[in-house]
Amino acid sequence: EEKAGKFQLADKGTLFLDEIGNIPLNLQSKLLTVLQTRVITPVGPNAGMPVDIRLISATNKNLSQMVAGNQFRQDLLYRMNTIQIHLPPLRERIEDLDDIAAHFLAVYSRKYNKQGISISGDALLKLKKRAWPGNIRELEHTIEKAVILAENEILGPDDFLSGAEDVALYNHPETLEEMEKKMIISALKRN
C-alpha cells in the first residue's frame, strides 16, 4: 500500500518534530539534506518530490552542548534554529499550573464524560508543591488519573497522589489483582 510520509503530508503546511535531540546522527544528515534542498525521495520512486514546509521542532536537551559533544550536527542546528523559544520547565513557572491544569481538566472531563468536575484550591496548592520531574506530561497524566478515579465533582488534595505515593503504588511489577488491592486500600486510607 502506498503511503505518504510526514514531509509529504506536511507539504504547504507545518511539520512538527518532537524530541529532535534524540535523532541519531545518520538521520540528522538526511534531515539536513531535505531542509537544504526542500526535496524528498519517497520509498519506491527514484524521482525527488519538492516539499514546502514550515518546520517546528522541540527538545528538552541543550543542542549547543550536544553539538560541542559531537552528538548533534552543527549545520543542522544552524539550518533549524531560525527562531528559538525557550520554555522553562513547569517547576520554574509554577504560576502557570492553574491554567494548564484547567486545560487538562476540561480535556479529560469531556473524554471521560465527567462534566462539571473542578479542582479545589487546596488540591492546586498540593500540585504546586510538587517538583514535576516529568514536566507538563506528568501533570497531564496526574490530572487524567484524578479525573478517571474521581468520585466527586470537586477534586481535593487526596485525589492527587504525591510523587512518592505514586511510585510506591504503581512502580512495582505485580498482577492486576495486587495492583487493584493496593489502589483500593490506598483509597480507603485517604477516605
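Right above here is the structure, for reference.
The present account deals with the structure reproduced in this document. Keep in mind that this is a model prediction, so the values were computed, not measured.

### Details of the packing of aromatic side chains
Right, so step 1: Inspection of the entire model under this criterion finds one aromatic pair.
Right, so step 2: An angle of 20° between the planes, with centres 6.2 Å apart, marks the rings of tyrosine 108 and tyrosine 112 as stacked.
Right, so step 3: For tyrosine 108, a relative accessible area of 8% corresponds to the buried category.
Right, so step 4: The positively charged end of arginine 130 is found above the aromatic ring belonging to tryptophan 132, 4.4 Å away from the centroid.

### Quick notes on the environment of arginine 73
Right, so step 1: Its place among the elements puts arginine 73 in the loop between helix H3 (63–68) and helix H4 (74–80).
Right, so step 2: For arginine 73, a relative accessible area of 28% puts it in the partly exposed group.
Right, so step 3: Excluding anything up to four places from it in sequence, arginine 73 contacts Leu25, Gln28, Ser29, Leu32 and Val67.
Right, so step 4: A distance of 2.7 Å separates polar atoms of two side chains, one belonging to arginine 73 and the other to aspartate 75.

### Quick word on the side chain of arginine 130
Right, so step 1: On the secondary structure map, arginine 130 appears in the loop between helix H6 (121–128) and helix H7 (135–149).
Right, so step 2: Of the residues examined, arginine 130 reaches a relative accessible area of 12% and is grouped as buried.
Right, so step 3: Within the structure, the side chain of arginine 130 is placed 2.9 Å from the side chain of glutamate 138, a separation counted as a polar contact.

### A word on H6
Right, so step 1: Listing the buried residues of H6 in full gives Ala123, Leu124 and Leu127. The buried residues of H6 occupy an angular sector of 100° when the element is viewed end-on, so they sit on one face.
Right, so step 2: The inward-facing, buried residues of H6 abut helix H5 (97–111), strand S5 (118–119), H7 and strand S6 (154–155).

### Some remarks on H7
Right, so step 1: Between its terminal C-alpha atoms H7 stretches 22 Å, which fits the 21 Å expected from 15 residues at 1.5 Å a residue.
Right, so step 2: Taken as a whole, H7 has its buried residues at Glu138, Leu139, Thr142, Ile143, Glu144, Lys145, Ala146 and Val147.

### Section: the packing of H5 against H7
Right, so step 1: Interhelical geometry of H5 versus H7 gives an angle of 45° and a closest axis separation of 9 Å. In terms of their interaxial angle, H5 and H7 are classed as oblique. Seen from above, H5 lies across H7 with right-handed handedness. Taking contact as the criterion, the partners of Leu97, Ile100, Ala101, Phe104, Leu105, Tyr108, Ser109 and Lys111 in H5 are, on H7, Ile136, Leu139, Glu140, Ile143, Glu144 and Val147.
Right, so step 2: Tallied by class, residues from the contact of H5 with H7 come to 10 nonpolar, one polar and three charged.

### Observations regarding the pattern of salt bridges
Right, so step 1: Scanning the model with the defined rule gives seven salt bridges in all.
Right, so step 2: Residues arginine 73 and aspartate 75 are paired through a salt bridge, measuring 2.7 Å at the closest nitrogen-oxygen approach.
Right, so step 3: When its relative accessible area of 32% is taken as the criterion, aspartate 75 is described as partly exposed.
Right, so step 4: Arginine 93 is paired through a salt bridge with aspartate 96; the nearest N and O atoms lie 3.2 Å apart.
Right, so step 5: When its relative accessible area of 10% is taken as the criterion, arginine 93 is described as buried.

What counts and how
Residues numbered from 1 in each chain as written. Predicted model: local features only at pLDDT ≥ 70, side-chain atom pairs only at ≥ 80, totals over all residues. Heavy atoms only, no water. Phe/Tyr/Trp six-rings, centres within 6.5 Å; stacked < 30°, edge-to-face > 60°. Buried < 20%, exposed > 50% of the residue type's maximum accessible area, 1.4 Å probe, protein only. Lys NZ or Arg CZ within 6 Å of the ring centre and 35° of its normal. Helix = DSSP H or I, 4+ residues; strand = E, 2+ residues; numbered from the N terminus. Contact = heavy atoms within 4.5 Å. Polar contact = N/O pair within 3.5 Å; in protein donor to acceptor, adjacent residues only side chain to side chain. Arc of directions from axis to C-beta. Expected span 1.5 Å × (residues − 1). Axes fitted to C-alpha atoms, helices over the stretch in contact; angles between N-to-C directions. Parallel < 35°, antiparallel > 145°, perpendicular 65-115°, else oblique. Left-handed = near helix turned anticlockwise from the far one by under 90°. Nonpolar A, V, L, I, M, F, W, Y, C, P; charged D, E, K, R; others polar. Salt bridge = Lys/Arg side-chain N within 4 Å of Asp/Glu carboxyl O.

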